[in-house]
Amino acid sequence: MKKLIKNNILAITILLIFGIIVLNGDYISLQEFKQNEEYRQTMLEECNGIIKTSQNKEEVELCKEAIKTESLEYDFYTVFADVLVWRVQYIYYLAFLIVTVPTLYKICKILKTKSIINTSTRESHQSFLKRFFKISYQYIWILPLLSLIMIIPLMMNTTLDPSHSILNSTSPWSSNIIYHPALFVISYLVYMTICSIIFINISLLVARFQQKFIPCVILSYTVYFAIEIFLETVIGIILFTKILNSGFGILFNILNTFTFHDSYGIPALLLVNLSLAIVSFGLVYLAYKNKEKLVIQCERNK
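So, a few notes on the structure that sits alongside this text. (Residues numbered from 1 in each chain as written. Predicted model: local features only at pLDDT ≥ 70, side-chain atom pairs only at ≥ 80, totals over all residues. Heavy atoms only, no water.)

1. Here's the deal with the overall build of the chain
Regarding its fold elements, the chain presents 13 helices and 0 strands. Traced from its N-terminal end to its C-terminal end, the chain shows the element sequence α-α-α-α-α-α-α-α-α-α-α-α-α. What you see for the chain is a C-alpha radius of gyration of 24 Å, clearly larger than the 19 Å of a compact globule of 302 residues, by over 25%. In terms of its C-alpha atoms, the chain occupies a principal-axis envelope of roughly 90 × 55 × 30 Å. Per-residue burial for the chain yields a buried fraction of 46% across its 302 residues. Partitioning the intrachain contacts of the chain with sequence separation of at least 6 by distance along the chain shows that 80% fall at a separation of at least 24. Counting only carbon and sulfur atoms, one obtains 65% of the accessible surface of the chain, whose full area is about 15900 Å². The distance from the centre of the 26 positive side-chain charges to the centre of the 21 negative ones in the chain is 27 Å. (Helix = DSSP H or I, 4+ residues; strand = E, 2+ residues; numbered from the N terminus. Rg over C-alpha atoms; globule rule 2.2 N^0.38 Å. Buried < 20%, exposed > 50% of the residue type's maximum accessible area, 1.4 Å probe, protein only. Contact = heavy atoms within 4.5 Å. Areas by Shrake-Rupley, 256 points an atom, 1.4 Å probe, with all protein chains shown as cover. Lys, Arg positive; Asp, Glu negative; His and termini not counted. Charge placed at Lys NZ, Arg CZ, Asp CG, Glu CD.)

In structure tokens form, the structure reads like this:
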């Protein structure tokens, strides 16, 4: 256990820090909605009293309407959206680093040292790549686990009936998946895993040409934003909005990962991101498949 913690201390530290941040966001939102619920109950009691005693028809009708719209309990999707939008919104910009910093720490160490040269004489390049990629993708669980840490307390303290969010439009999700909470959570975790793979692939492409840890992290983050700008402008705006007259381009977004757009259905969202993951992995494999070029590049950046 000590060895496991020591070997993954950076990833564990990052998870603990951001785990505390998202739990604090959960707590703030839950407390706020608890206060709103208490106020709502007080208002409903007053309205019920007005309906029974008031002779003012307009006032009675207003109270009946209030009871109709406010009688529903705050649901998981409403509170979850509040956490994402108002409590931990800055994590959108850090999600890439949460996954890639511990990943790059290990792979840069492998590429920068002489281990790649030494192993190249003891094992085939394919064997090295299998071992290298196994290490590279070992932290794809961080974002899904962080999401789960954020989701579980909310599910335990709210109703899973989405009636409130549907009636009052208080959540960004509108597809039928919100009627199936378990499927929603599973799909969300799968989506976060795919996004993690995309992030790691971007960092691997940069690490192929820059093996120093800090410069590699900075350059990877820069490339990440450059890709997001390309997807949002060229694919999203120019291709889909202007040429195809469609809003489908909103799915080509690797920045707002926690938002989980379901405008065109969850299968479409997962398919788009899975395609990006496959394409990026293909580029990674092409970048690393040549043994001689890889060794020469690593020698240059020692």
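Here the narrative resumes.
2. Focus: the pattern of salt bridges
If charged atoms from side chains of opposite charge come close, those side chains can pair. Across all of its chains, the model carries 2 salt bridges by this definition. With its nearest N and O atoms 2.9 Å apart, the salt bridge here joins Glu32 to Arg87. With a gap of 55 residues between them, Glu32 in helix H2 (residues 9-53) and Arg87 in helix H4 (residues 76-87) connect regions that are remote in the sequence. Overlapping salt bridges, with partners in common, bring together Glu32, Asp82 and Arg87 in one network. (Salt bridge = Lys/Arg side-chain N within 4 Å of Asp/Glu carboxyl O.)

3. Quick notes on unusual backbone geometry
A positive phi angle, close to 55°, is found at Asn245, a residue other than glycine. Considering the arrangement of structural elements, one finds Asn245 in the loop between helix H11 (213-243) and helix H12 (266-288). Taking the relative accessible area as the measure of exposure, Asn245 reaches 69% and is therefore exposed. Its identity as a non-glycine residue notwithstanding, Phe260 has a phi of 60°, on the positive side. Residue classification places Phe260 among the buried residues on the basis of a relative accessible area of 0%.

4. Concerning the packing of aromatic side chains
Note on aromatic pairs: each is described by the distance of the centres and the angle between the planes. For the structure on display, the rule yields 34 aromatic pairs. For the ring pair Phe96 and Tyr224, a centre distance of 4.4 Å and an interplane angle of 10° mean the geometry is stacked. Highlighted residues: Phe96 in helix H5 (residues 91-112) and Tyr224 in helix H11, separated in sequence by 128 residues. A connected cluster of aromatic rings, assembled from ring pairs, spans Phe76, Tyr77, Phe80, Trp173, Phe184, Tyr188, Tyr191 and Phe260. Its end group placed over the ring of Phe209, Arg208 keeps NZ or CZ at 5.0 Å from the ring centre. (Phe/Tyr/Trp six-rings, centres within 6.5 Å; stacked < 30°, edge-to-face > 60°. Lys NZ or Arg CZ within 6 Å of the ring centre and 35° of its normal.)

5. Digging into the packing of helix H10 (residues 181-207) against H12
Running from N to C, H10 and H12 cross one another at 25°; their axes reach a closest spacing of 9 Å. Compared by their axis directions, H10 and H12 come out roughly parallel. Judged by the sense of rotation from one axis to the other, the crossing of H10 with H12 is left-handed. Grouping the constituent residues of the contact of H10 with H12 by class yields 20 nonpolar, 4 polar and no charged. (Axes fitted to C-alpha atoms, helices over the stretch in contact; angles between N-to-C directions. Parallel < 35°, antiparallel > 145°, perpendicular 65-115°, else oblique. Left-handed = near helix turned anticlockwise from the far one by under 90°. Nonpolar A, V, L, I, M, F, W, Y, C, P; charged D, E, K, R; others polar.)

6. Structural notes on the environment of Val234
Considering the arrangement of structural elements, one finds Val234 in helix H11. Considering only alpha carbons, one finds Val234 and Gly249, 15 residues apart in sequence, at a separation of 9.4 Å. With residues near it in sequence (within four places) discarded, Val234 still touches Ile229 and Leu239.

7. A short note on the nonpolar core
Counting 82 residues, the largest nonpolar core has Phe80, Phe184, Phe258 and Tyr288 as the members making the most contacts within it. Among the elements that take part in this core, H10 stands out by supplying 15 residues, more than any other. Ignoring anything within four residues of it in the chain, the contact list for Phe80 reads Met150, Ile151, Leu154, Trp173, Phe184 and Tyr188. (Core = buried A, V, L, I, M, F, W, Y, C linked by side-chain atoms within 4.5 Å.)

8. Some points on the environment of Leu97
Structurally, the position occupied by Leu97 is in helix H5. With sequence-adjacent residues up to four places away left out, Leu97 is seen in contact with Pro102, Val217 and Tyr221.

9. Side note on helix H7 (residues 125-136)
Under the 1.5 Å per step criterion, the end-to-end length of H7 is 16 Å for 12 residues, consistent within 8% with the ideal 16 Å. Along H7, the residues classified as buried are His125, Phe128, Leu129, Phe132, Phe133 and Ser136. Taken around the axis of H7, the buried residues stretch over an arc of 125°, which confines them to a single face. Away from its buried face by more than 90 degrees, H7 exposes Lys130 and Lys134. (Expected span 1.5 Å × (residues − 1). Arc of directions from axis to C-beta.)

10. Looking at the side chain of Asn8
With respect to the helices and strands, Asn8 occurs in the loop between helix H1 (2-7) and H2. At a separation of 3.5 Å, a polar atom in the side chain of Asn8 contacts the side chain of Lys106. At 2.6 Å, the side chain of Asn8 and the side chain of Tyr139 are in polar contact. (Polar contact = N/O pair within 3.5 Å; in protein donor to acceptor, adjacent residues only side chain to side chain.)

11. A word on the side chain of Ser165
If you trace the backbone, Ser165 turns up in helix H9 (residues 163-168). Ser165 gets classed as buried once you look at its relative accessible area, which sits at 4%. Those residues in contact with Ser165 that lie beyond four places of it in its chain are Asp75, Tyr77, Thr78, Thr170 and Ser171.

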